[in-house]
Amino acid sequence: MSSHGPAPVEFAVDLSAHEMLRRAHVLDALGPDWDPGEALRGEEEAYALLYSGLDAEQQRVYDELVSAGVLPPRGDGHAAP
């Protein structure tokens, strides 16, 4: 033993089994009718609605945020009309 205390001990935990159990619980909670494609389409529709009907200043800010990489580019890079 040195004057700096005991030597470090290697410590490892394998969480693979726990992760598989967690995923099984998530899928069980989502239920048999969950459709990931439909969920994604719903998110895309919500995103389009969120950025629709912007006035000129809002559109400018939106375009600036897309250019800066804060918001992901969509379609032609402009919010929906």
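Structure shown above.
Procedures and definitions
Residues numbered from 1 in each chain as written. Predicted model: local features only at pLDDT ≥ 70, side-chain atom pairs only at ≥ 80, totals over all residues. Heavy atoms only, no water. Helix = DSSP H or I, 4+ residues; strand = E, 2+ residues; numbered from the N terminus. Buried < 20%, exposed > 50% of the residue type's maximum accessible area, 1.4 Å probe, protein only. Contact = heavy atoms within 4.5 Å. Areas by Shrake-Rupley, 256 points an atom, 1.4 Å probe, with all protein chains shown as cover. Core = buried A, V, L, I, M, F, W, Y, C linked by side-chain atoms within 4.5 Å. Salt bridge = Lys/Arg side-chain N within 4 Å of Asp/Glu carboxyl O. Phe/Tyr/Trp six-rings, centres within 6.5 Å; stacked < 30°, edge-to-face > 60°.

**Describing the overall build of the chain**
For the chain, the count of helices and strands is 3 helices and 0 strands. In sequence order, the chain lays out its α and β elements as α-α-α. Within the chain, the fraction of its 81 residues that count as buried is 10%. Partitioning the intrachain contacts of the chain with sequence separation of at least 6 by distance along the chain shows that 39% fall at a separation of at least 24. Surface summary for the chain: the accessible area is close to 7000 Å², and the carbon and sulfur share equals 62%.

**A few points about the nonpolar core**
Counting residues in hydrophobic clusters, the biggest one holds 5 residues: Y47, Y51, Y62, V66 and L71. When near neighbours in sequence (up to four residues on either side) are disregarded, Y47 contacts Y62, L71, P72 and R74.

**Focus on the pattern of salt bridges**
A complete count under the given rule lists 6 salt bridges for this structure. Here D35 makes a salt bridge to R41, at a shortest N to O gap of 4.0 Å. Among the residues examined, R41 registers a relative accessible area of 44% and is labelled partly exposed. Three or more residues joined by partner-sharing salt bridges are found here, namely E19, R22 and R23.

**Looking at the packing of aromatic side chains**
Scanning the entire structure with this criterion turns up 2 aromatic pairs. Here Y47 and Y51 contribute two aromatic rings whose centre-to-centre distance is 4.8 Å and whose plane-to-plane angle is 55°, an arrangement assigned as tilted. Ring plane angle 50° and centroid distance 5.0 Å describe the contact between Y51 and Y62, whose orientation is recorded as tilted. Placement of Y51 in the loop between α2 (36-50) and α3 (56-67) and of Y62 in helix α3 is noted, with a sequence separation of 11 residues between them. Across the pair, Y62 and Y51 agree in class, each one buried. Grouping aromatic residues by their ring pairs yields a cluster made of Y47, Y51 and Y62.

The analysis is restricted to geometry; functional conclusions fall outside its scope.
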